[in-house]
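# Structure at a glance
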Amino acid sequence: MKLFLKNIFLFCLVSLLFGEIVCRFSYVTSDIPSRIIDKNNIQKYNPNQTGKWIGNSHSWHINKDGWPGSLPKSRKNLITIIGDSYVENFMNPDSCRQSVFLKKMLPTYNFYEASRSGVSFIEAMSIASVLDSLQPLQQLIYIHDADLLESVVQIKKMPDITQYDSENIKIIPGILKSPGLKKILYNWKLIYYLYTNYSFGIKHKNDAKPKKENIKNKSLTLKDREELKKLLSYVNRTFNKSNISLVYRPNGNPEILKLLTNFDFKIILLVDHKEKEWSFEHDPHWTCTGHEEAAEQVSLKLSRK
Amino acid sequence: MLFNSLDFAIFLPVTFMLYWFIVQKNLKLQNVLIVCASYLFYGWWDWRFLSLIIFSTFVDYTIGYLLKQEQNSIKRKIYLWISITINLGFLGFFKYYNFFIESFTEAFIFFGKEIQPNTLDIILPVGISFYTFQTLSYTIDVYKRKLEPTTDFIAFAAFVSFFPQLVAGPIERATNLLPQFYQKRNFNYPLAVLGLRQILWGLFKKVVIADNCAKYANIIFNDYASYDTSSLILGALFFTFQIYGDFSGYSDIAIGTSRLFGFNLMQNFAFPYFSRDIAEFWRRWHISLSTWFRDYLYIPLGGSKGGTKMKIRNTFIIFLVSGFWHGANWTFIFWGFLNALYFLPLLLRNKNRKNTNDVAEGRWLPNFKEIIQIFFTFWLTVFAWIFFRADSISHAFNYISKLLTSDNYAKNLSIPSELYYLILFFLSIEWLGRSSKFAIERLQFMHKTFRWVFYLSIILLLFKFAGQEQEFIYFQF
């Protein structure tokens, strides 16, 4: 038995080493940038990082301000773009960023992106508030239903993202959850690959396309509606939203959209005309085509203003 | 719990450790652990159906005991029939009730009389066909006095529920498996290593070959009307490899897992796609079921000893019952019928036992005659699998008729070339290992470095080509 266990242990060790080498050379997982929390309690990335996307198809990089993508050459006629993983857009090359498409469509403006996956609506508002110092003409916040619902502790407590506590009327900044463990996980490529592909109950590979956009596209509960009202009135009281427009991803919940309109939010509602596929096959995030289509609709709205 | 799931990847080492480190000194406790682990393994799907296994265990244990006590042949026969009725009653109810009701309804409609069918929403308990036949073999062997009935209830419960082969076989005979529960099991290093090797190969067959072939077989069979002839041929071919990889892969994992616990199960597949005739194919495909039917149905019916009429009758009975065993659908019955048609000419010309050795024995490659024989037999089975895979008889015939007609507007499915390479690699390894119990059994004679590189390559392929976790086809039977 001792020999058996010894050989099993040795084989596992060799397998781990072999697997790690294979994973690194074949880029089966994407590099993940490390995060920090800045003095404004905003989670962003450590500046000046670079990494590769799955399959080494393209690289991503974090600029010196700690946001993905490049900074604008000039800050005149500035428009900011704030959002979550859709704007962060690690899955596409930099040429498919909202800022790049919008700059091509509206060359007289400059675009500054500030995005990070998991950004909630309330955190996006906080980021916008910080970015006001750049004196932008417009601030575009790309959101969807889940970003609003996830903004309220009383709807769903999510300690790792910034949320609004409606009972204590304050913003609770997100914390970096198990940063040490995540650092190990992200750097140990084999384990990260196994975690993302074979973790319990989660089957990413070959799954049908996740219906993230439609998950919340159903009637709100009374509690959700009340909590969202509290959130929006808090935002109205606390933040300057005169230059803010919400860019709402397609198929938003009509009830939420109505609430936002009632609270005087300017909304640019994106419409997926289904002529072109916006998302990846197994990922709800937008492809280059999706980004271009979205940017086109946004630029049309902006040019009319 | 699926063999190809993370649940099992945790369950197996935990059970293994408990078995060899905690209860290894006490045979009774080893058996108790096996029973508990097996019930947990089975209950993972649906704990409610555990009651069926437990009830079946009590019934057959008691009948075995009564058969031992009773000398009166009529009473013994009654006990035997009680066991058969209960076991087949469960099987009939859960598996065939709706089929019979629907078939009767259709028959009445055919004769112009409408009746209101009373079908039930019945869930088929996983593996019921397998453990029912296993317990039946015990009662029949005890009745025939081939086996001494057990007095050890725990050993008997372990025999009925032994988790590696509980849900999809091999269907073990009590004469082979039950005595192994009476013997003290000590850890056997070569046996355990052999077991792990067989598990690895079984996983490769299931996860890499079967699941990847399934993807394309399903696409083509589900939308056959849109595809051209070459795609439809590929669909049948992919299903041929899917069913072999799926079922023989399961058997390999089951046998390998049993070896880790010190048990030897019977071989269930012996490289059937290298058979030179259909009779040889049936000696090499699902051996535990074929021999079960041979011993408990074909031989009691008179086997091939009687006249031509009896031979024909018995051949059709065994193949039709075998088809029906697979599921409550006319497609399986037709598949059995087709195989009976394939088999009969060999039987009637006394050529059914012509090829009892391994193909190309002592040679690397087959000769021209063997190539033709293998090719011909293989395509006969591919053709029969169309009926096995189809949803209905009409689906199968439509598939075949679409296959035989050319359609310029039909789609041609693009298949990734990796799949062809994988099948080629798989067939090459199977060919090289065809005289062993499983394809990579003889790897032990290779240098350690080569062995480890081979294992790592297989593991790599497992991860690279693992798709969505898929159930084993034979679970539904």
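Worth saying up front: this structure is predicted, and the values here are computed from it rather than measured.

### Regarding the overall build of chain A
Across its full length, chain A holds 11 helices and 13 strands. The globule rule puts the C-alpha radius of gyration for 305 residues at 19 Å, and the 21 Å found for chain A is close to it. Taking the principal axes of the C-alpha coordinates as reference, chain A spans close to 75 × 45 × 40 Å. Out of the 305 residues in chain A, the part that is buried amounts to 33%. Put simply, 62% of the contacts in chain A that link residues at least 6 apart link residues at least 24 apart.

### Quick look at the overall build of chain B
Along its length, chain B carries 17 helices and zero strands. For a compact globule of 477 residues, the expected C-alpha radius of gyration is about 23 Å, and chain B comes in at 23 Å, within 12% of that figure. In terms of overall dimensions, chain B has C-alpha extents of about 70 × 70 × 45 Å along its principal axes. For chain B, the proportion of its 477 residues judged to be buried stands at 40%.

### As for the environment of A:Thr196
Counting through the fold element by element, A:Thr196 comes out in helix α7 (residues 189–198). Sequence separation between A:Thr196 and A:Phe101 is 95 residues; the distance between their C-alpha atoms is 31 Å.

### Comments concerning the packing of helix α8 (residues 189–222) of chain B against helix α16 (residues 417–432) of chain B
All names here are of chain B. Where α8 contacts α16, the two axes come as close as 11 Å, and the packing angle between them is 135 degrees. By the angle between their axes, α8 is oblique relative to α16. The way α8 lies across α16 gives a crossing that is left-handed. Here α8 contributes Val-208, Ile-209 and Asn-212 to the contact with α16, which in turn contributes Leu-419, Leu-422, Ile-423 and Phe-426. Partitioned by chemical class, the residues of the contact of α8 with α16 number six nonpolar, one polar and no charged.

### Points about the sheet that holds strand β10 (residues 244–248) of chain A
Residue and element names in this part refer to chain A. Strand order in the open sheet formed by five strands is β6-β5-β7-β10-β11, and the pairing between neighbours is parallel. Each of the sheet's edge strands pairs with one partner strand only, and the pair in question is β6 (110–115) and β11 (266–269). Across this sheet, the average inter-strand angle for adjacent strands is 25 degrees, counted without regard to direction. Bridging between β10 and β11 involves four bridges; their strand directions are parallel. Bridged to Ser-245 within β11 is Lys-266. The strands touched by helix α3 (residues 98–105) within the sheet are β5 (78–83) and β6, with β6 carrying the most contacts at an inclination of about 165 degrees.

### Things to note about the confidence of the model for chain A
Averaged over chain A, the pLDDT score is 87; the fraction of residues at 70 or greater is 93%. Contacts of residues 200–216 of chain A to residues separated by more than four positions or lying in other chains number 28 contacts, the stretch itself having pLDDT below 50.

### Description of the nonpolar core
Counting 110 residues, the largest nonpolar core has B:Ala158, B:Phe159, B:Ile209, B:Cys213, B:Ala217, B:Ile220 and B:Phe387 as its most contacted members. Residue assignment places this core across two domains, with domain 1 (6–187) and domain 2 (190–276 + 355–476) of chain B each supplying three or more. Those residues within four positions of B:Cys213 in sequence are excluded, and the remaining contacts are B:Phe238, B:Phe241, B:Gln242 and B:Gly245. The next biggest cluster of nonpolar side chains, apart from the first, holds 48 residues, and it includes A:Ile42, A:Tyr86, A:Leu228 and A:Tyr234.

### Observations concerning the environment of A:Gly252
Residues and elements named next belong to chain A. As for its position among the elements, Gly-252 is in the loop between β10 and α10 (254–262). The sequence separation of Gly-252 and Ala-146 amounts to 106 residues, and the corresponding C-alpha distance is 9.5 Å. Those residues in contact with Gly-252 that sit more than four places away from it in its chain are His-144, Asp-145, Leu-257 and Leu-269.

### Focus on the confidence of the model for chain B
Summing up the model confidence of chain B, the mean pLDDT is 88 and the portion of residues at 70 or higher is 95%. ipTM for the predicted complex: 0.70, alongside a pTM of 0.76.

### So, the pairing of strand β7 (residues 138–143) of chain A
Residues and elements named next belong to chain A. The buried count for β7 comes to five of six residues, which makes it a mostly enclosed element. Alignment of β5 against β7, held across four bridges, turns out to be parallel. Its bridge partner being in β7, Ile-79 is matched across the sheet by Gln-138. The sheet contact formed by β7 and β10 spans five bridges and is parallel. By the bridge assignment, Tyr-142 is partnered in β10 with Val-247.

### Some thoughts on the domain arrangement of chain B
Assigned domains of chain B: these are domain 1 (6–187) and domain 2 (190–276 + 355–476). Opposite the 17 residues of domain 1 of chain B that make contact, domain 2 of chain B presents 17 residues.

### Notes on helix α6 (residues 153–161) of chain B
Counted residue by residue, α6(B) has seven buried out of nine residues, so it is predominantly covered. Residues of α6(B) that are buried: B:Ala155, B:Phe156, B:Ala157, B:Ala158, B:Phe159, B:Val160 and B:Ser161.

### A few points about the pairing of β10(A)
All names here are of chain A. The buried fraction of β10 is high, at five of five residues. Taking every second residue as pointing to the same face, both faces of β10 are buried, with Ile-244, Leu-246 and Tyr-248 on one and Ser-245 and Val-247 on the other. Chirality of the crossover, the property in question, places the unit of β10, α10 and β11 among those that are right-handed.

### Here's the deal with unusual backbone geometry
Leaving glycine aside, a negative phi is the common case for residues, and trans is the common case for peptide bonds. Located in the positive-phi region is A:Asp264, a residue other than glycine, with phi close to 65 degrees. Note on A:Asp264: 9 C-beta atoms within 10 Å, which makes it exposed. Phi angles above zero are rare outside glycine, and B:Ala360 is one such case at about 50 degrees. Owing to 18 C-beta atoms within 10 Å, B:Ala360 belongs among the partly exposed residues under this scheme.

### Description of helix α2 (residues 27–46) of chain B
The α-helix advances 3.6 residues per turn, and as a result positions three or four apart in sequence lie on the same side. All names here are of chain B. With 20 residues, α2 should cover 28 Å at 1.5 Å per step; its first-to-last C-alpha distance of 29 Å lies within 8% of that length. Of the residues making up α2, those classed as buried are Gln-30, Asn-31, Ile-34, Val-35, Ala-37, Ser-38, Phe-41 and Tyr-42. On its buried side, α2 packs onto α1 (6–22), α3 (50–69) and α6.

### Points about the packing of helix α1 (residues 2–26) of chain A against helix α17 (residues 448–465) of chain B
Following both chains from N to C, one finds α1(A) and α17(B) inclined at 55 degrees, their axes separated by 11 Å at the closest point. Overall, the two elements α1(A) and α17(B) adopt an arrangement that is oblique. α17(B) is crossed by α1(A), and the crossing has right-handed handedness. Contact with α1(A), carried on its side by A:Phe11, A:Val14, A:Ser15, A:Phe18 and A:Val22, involves B:Trp452, B:Leu456, B:Ile459 and B:Leu460 of α17(B) and no other residues of that element.

### A word on the environment of A:Leu194
Residues and elements named next belong to chain A. Turning to its location among the elements, Leu-194 is positioned in helix α7. Classification of Leu-194 as partly exposed rests on a count of 16 C-beta atoms within 10 Å. Here the alpha-carbon distance between Leu-194 and Lys-64, two residues 130 residues apart in the chain, equals 32 Å.

Conventions adopted
Residues numbered from 1 in each chain as written. Chains lettered and ligands numbered in written order. Predicted model: local features only at pLDDT ≥ 70, side-chain atom pairs only at ≥ 80, totals over all residues. Helix = DSSP H or I, 4+ residues; strand = E, 2+ residues; numbered from the N terminus. Rg over C-alpha atoms; globule rule 2.2 N^0.38 Å. Buried ≥ 20, exposed ≤ 12 C-beta atoms within 10 Å, placed from the backbone. Contact = placed C-beta atoms within 7 Å. Axes fitted to C-alpha atoms, helices over the stretch in contact; angles between N-to-C directions. Parallel < 35°, antiparallel > 145°, perpendicular 65-115°, else oblique. Left-handed = near helix turned anticlockwise from the far one by under 90°. Nonpolar A, V, L, I, M, F, W, Y, C, P; charged D, E, K, R; others polar. Pairing = 2+ DSSP bridges. pLDDT = per-residue confidence, 0-100. Core = buried A, V, L, I, M, F, W, Y, C linked by C-beta atoms within 7 Å. Domains from an automatic or database assignment. Right-handed = clockwise from strand over helix to strand, strands pointing away. Expected span 1.5 Å × (residues − 1).

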